[in-house]
Amino acid sequence: MGVCKHSTREARDPSTSYDGYPTTSWAWYVSLPASFWLYLAIPIQDTNWFIGKTAPRLISDLLDYDRRFLKRNGRNLLADPAQHFTGEWILRKGKNDCRHSLTRKDTQMRGPTGREMPNEAPHYVVATYCAKCRHHFKITVSFAAQEHGQKPCSLSDENNRMHHLRLVESMFQPLDKRKLDDHKYEYFAEGHQFRCSGMGCPVVVEILISPPRLDKDDMNRLLDPGLVRARGQKEIENDPVRMENEKPVTAATALGYLRSYINDARNGKLDSKTGKPSRIAMRNKKYRLGFSDEFHDLFRYLDFVNVVDPPTEVVSILPLICRVHTACLNRVMANQIVFRRDRFTSGSFL
Amino acid sequence: MLEERPPTEFYSGVKTIIHRPIPALKDIQTSLGCYDYPTRTRSINLEHEEHPYYASLGACDDFTDEYLSWAYDRQCDCDPSNKPYYLDCLEDLARGRQSTDLQTKFAIAQSAGEYGQKRIHEAYRFFLLDPTKPVESEDYILGCFNSFLGSSPRQKNQAKENLKIIANHLSSTKILAAANDNTMTFEEALETLNATADMDSDSIVALAIVAVSKLHC
């Protein structure tokens, strides 16, 4: 996917009754870690700054927006203003477009629970993924810009029944950068920022969309029953003595192994004998039958590294995710908090 | 991904799935302050295709009339240049939903001198002007108006009405003044009184008195 070329938008007229918009497109850049600048080729999309949509409308458009078919459909259901109806029926989305079934990512959520209405918390984060197309959606609702006397829209307020959200900024990023080690945890393919038009409502909504973590090739190699069986069969034939009584695993089994490895890495599982982070010996039968030598790139992408154990010279995959990943995340989060404080001081928010 | 695998791929060696994903829609709605908002109907029909006018107003088709009216007002406040189009949206949705409240709202807007985009385009086309092209100068439009009157004097009232709509759309006082000009020609005055040019003054005065008394009846 190429970089969209659009001109930077002009500053909004501050004399209008709906003020407080960030007036420069660099607003997006400041919220990201400095190293990200190198890989960012970010256009800011021109759009109609006045047309808005209510929160239910935004949610409906979000659920129907399939960015895989953006080029074919010709318009961005989430960010572009609705087309004027002139009598000819408007195709809202293609028949193959995903109607997202968004699922919680509990460990990344920060939000109101149950029927509790948003209060004066600084922001809420709803981290989700679609169970069908596996895209990730992160919705951040911020009240950070709230000043004394301001009140968010609510169903009980006759004049401000709902948030009426107007697009402020959009951002698109090239897909080929997503596997870069420094940025894969913070990569998003598309981002949009909306601001509520309600008088006195400080809400800013940010939606970040990321593609599936595993690309189509990885998925195919992992899930195709024929490929999985052939892989297992090859391993059995290569070492018939050791693999006696073994048979090729199924795709579900291989996925189960992968899930175990990732869970153990995430939970910091330690080897009971050595007390060190648990390793996976690459000659391990389960590993051989499930992955053979075909997934080194995938495990590297998941932050596993190869180590050689000197006494036995067994090459193992050591999950790095416990240490480096957490540290990296902490660093990223710290950077984001610093930048957001700065932005808050300057009166704008991202 | 594990849940999608066929049952035949699972056997005793694989751990059962213990984690069931939780839908996030309620969290999103609650964060955006619209969880359980009042709707027209409690049932959800995913197959139903809503009218594009709802999206133009930034609303959903399950909005109550009250919420739809509010969405219309807010969209007009935010984007006044497209207000005529939003008025068309309101009119059509009011008719489609058979909503007296929304139809009343539309009628009130009309009586206040607001016109929908369709009516405005009709007004331009009445004078053979293309409403989708850049607006001609005021003098050009007045020239079209006068030219029309010259060829179709009997449609004067209709022409003035359409001219008024164009004047409102362009916020032109010059065009509006021409539309509100009630000056009559000699021939128009005779026609109004059912008189002829060769009648004497007393007869014309008598016809005028009759016309006025008919108005008061």
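Residues numbered from 1 in each chain as written. Chains lettered and ligands numbered in written order. Predicted model: local features only at pLDDT ≥ 70, side-chain atom pairs only at ≥ 80, totals over all residues. Heavy atoms only, no water.

A word on the sheet that holds strand β3 (residues 123-130) of chain A. Spatial strand order, β1-β5-β6-β7-β4-β3-β2 (chain A): seven strands in an open sheet with antiparallel pairing. Where the open sheet ends on each side, the last strands, each with one partner, are β1 (52-54) and β2 (102-104) of chain A. Averaged over all pairs of adjacent strands, the angle between strand axes in this sheet comes to 30 degrees, irrespective of strand direction. One ladder, built from seven bridges, connects strand β4 (residues 136-142) of chain A with strand β7 (residues 204-210) of chain A; its direction is antiparallel. For K138(A), the partnering residue across the bridge sits in β7(A) and is L208(A). Packing against the sheet, helix α2 (residues 55-64) of chain A makes contact with β1, β2, β4, β5 (164-172), β6 (190-196) and β7 of chain A, and its axis sits at approximately 95 degrees to β1(A). Against the sheet, helix α3 (residues 65-78) of chain B makes contact with β1 and β5 of chain A, and its axis sits at roughly 55 degrees relative to β5(A), the strand it touches most. (Pairing = 2+ DSSP bridges. Helix = DSSP H or I, 4+ residues; strand = E, 2+ residues; numbered from the N terminus. Axes fitted to C-alpha atoms, helices over the stretch in contact; angles between N-to-C directions. Contact = heavy atoms within 4.5 Å.)

A few words now on the confidence of the model for chain A. Parts of the prediction with low pLDDT should not have their coordinates interpreted in detail. All names here are of chain A. In this model, chain A carries an average pLDDT of 73, and 69% of its residues clear a pLDDT of 70 or more. Segment residues 1-47 is flagged for pLDDT under 50; beyond a separation of four residues in sequence, or across chains, it makes 100 contacts in the model. Contacts for the low-pLDDT stretch residues 326-350, under 50 throughout, to residues beyond four places or in other chains number 28 contacts. (pLDDT = per-residue confidence, 0-100.)

Here we come to the packing of aromatic side chains. Counting across every chain of the model gives 19 aromatic pairs over all chains. Centroid distance Y261(A) to F291(A): 6.0 Å. Interplanar angle 50 degrees. Geometry classified as tilted. Residue Y261(A) is found in helix α6 (residues 251-266), and its partner F291(A) is found in helix α7 (residues 285-291); the two are separated by 30 residues along the sequence. Across the pair, exposure class does not vary: Y261(A) and F291(A) are buried alike. Look at Y53(B) and Y85(B): their rings are 5.9 Å apart centre to centre, the planes differ by 65 degrees, and that puts the pair in the edge-to-face class. With Y53(B) in helix α2 (residues 52-56) and Y85(B) in helix α4 (residues 83-97), this pair connects stretches of sequence that are 32 residues apart. An identical accessibility class is assigned to Y53(B) and Y85(B); each is buried. Taken together, the aromatic side chains of Y261(A), Y287(A), F291(A), F295(A), F299(A) and F304(A) make up a single cluster linked through ring pairs. Sitting over the ring of Y67(B), R161(A) keeps its end group 5.0 Å from the ring centre. (Phe/Tyr/Trp six-rings, centres within 6.5 Å; stacked < 30°, edge-to-face > 60°. Buried < 20%, exposed > 50% of the residue type's maximum accessible area, 1.4 Å probe, protein only. Lys NZ or Arg CZ within 6 Å of the ring centre and 35° of its normal.)

Turning to the side chain of R161(A), a few remarks are in order. Tracing the backbone through its elements, the reader meets R161(A) in the loop between β4 and β5. At a separation of 2.7 Å, a polar atom in the side chain of R161(A) contacts the side chain of E66(B). Leaving out residues up to four positions away in the same chain, R161(A) has contacts with S154(A), L155(A), E66(B), Y67(B) and W70(B). (Polar contact = N/O pair within 3.5 Å; in protein donor to acceptor, adjacent residues only side chain to side chain.)

Across the contact, 64 residues belong to chain A and 54 residues belong to chain B. Summed over both sides, the interface of chain A with chain B buries roughly 5,200 Å², with 63% coming from carbon and sulfur. Per-residue buried area on chain A facing chain B is highest for R57(A), F85(A) and R161(A); these three make up 12% of the total on that side. Across the chain A-chain B interface, the total number found is three salt bridges. Between R57(A) and E50(B) there is a salt bridge, and its shortest N-O distance comes to 2.4 Å. Summed over the shared surface of chain A and chain B, the number is 14 residue pairs in polar contact (both at pLDDT 80 or more). Of all the elements in the fold, those that place two or more residues in the side of chain A that touches chain B are β1, α2, β2, β3, β4, β5, α4 (216-223) and α6 of chain A. Taken together, the residues of the side of chain A that touches chain B break down into 35 nonpolar, 16 polar and 13 charged. (Buried area = accessible area lost by both parts, 1.4 Å probe. Salt bridge = Lys/Arg side-chain N within 4 Å of Asp/Glu carboxyl O. Nonpolar A, V, L, I, M, F, W, Y, C, P; charged D, E, K, R; others polar.)

This part covers empty space enclosed by the protein. Applying the stated rule across the entire model yields four cavities of 30 Å³ or more. Quantified by volume, the largest cavity comes out at close to 310 Å³. In terms of lining, the largest cavity is formed by 26 residues, of which the most central are R75(A), A82(A), Q83(A), R92(A) and A55(B). Contributing elements (two or more residues each) for the lining of the largest cavity: β1, α2 and β5 of chain A together with α2 of chain B. Per element, the largest residue contribution to the lining of the largest cavity is three residues, and it comes from β5(A). Taken together, the residues that form the lining of the largest cavity break down as 12 nonpolar, five polar and nine charged. (1 Å grid on protein atoms, 1.4 Å probe; cavity = no way out; pocket = protein on both sides within 12 Å on 5 of 7 lines; lining within 4 Å. Points joined across faces, edges and corners; volume = space filled by probe spheres on them.)

The next subject is the side chain of R74(B). Mapped onto the fold, R74(B) is located in helix α3. A polar atom in the side chain of R74(B) sits 2.8 Å from the side chain of N160(A).

The next subject is α6(A). Here α6(A) contains 16 residues, and its C-alpha end-to-end distance of 22 Å stays within 8% of the 22 Å for a straight helix at 1.5 Å per residue. Every buried residue belonging to α6(A) is among A251(A), A252(A), T253(A), A254(A), L255(A), G256(A), Y257(A), L258(A), Y261(A) and A265(A), and all of these are buried. (Expected span 1.5 Å × (residues − 1).)

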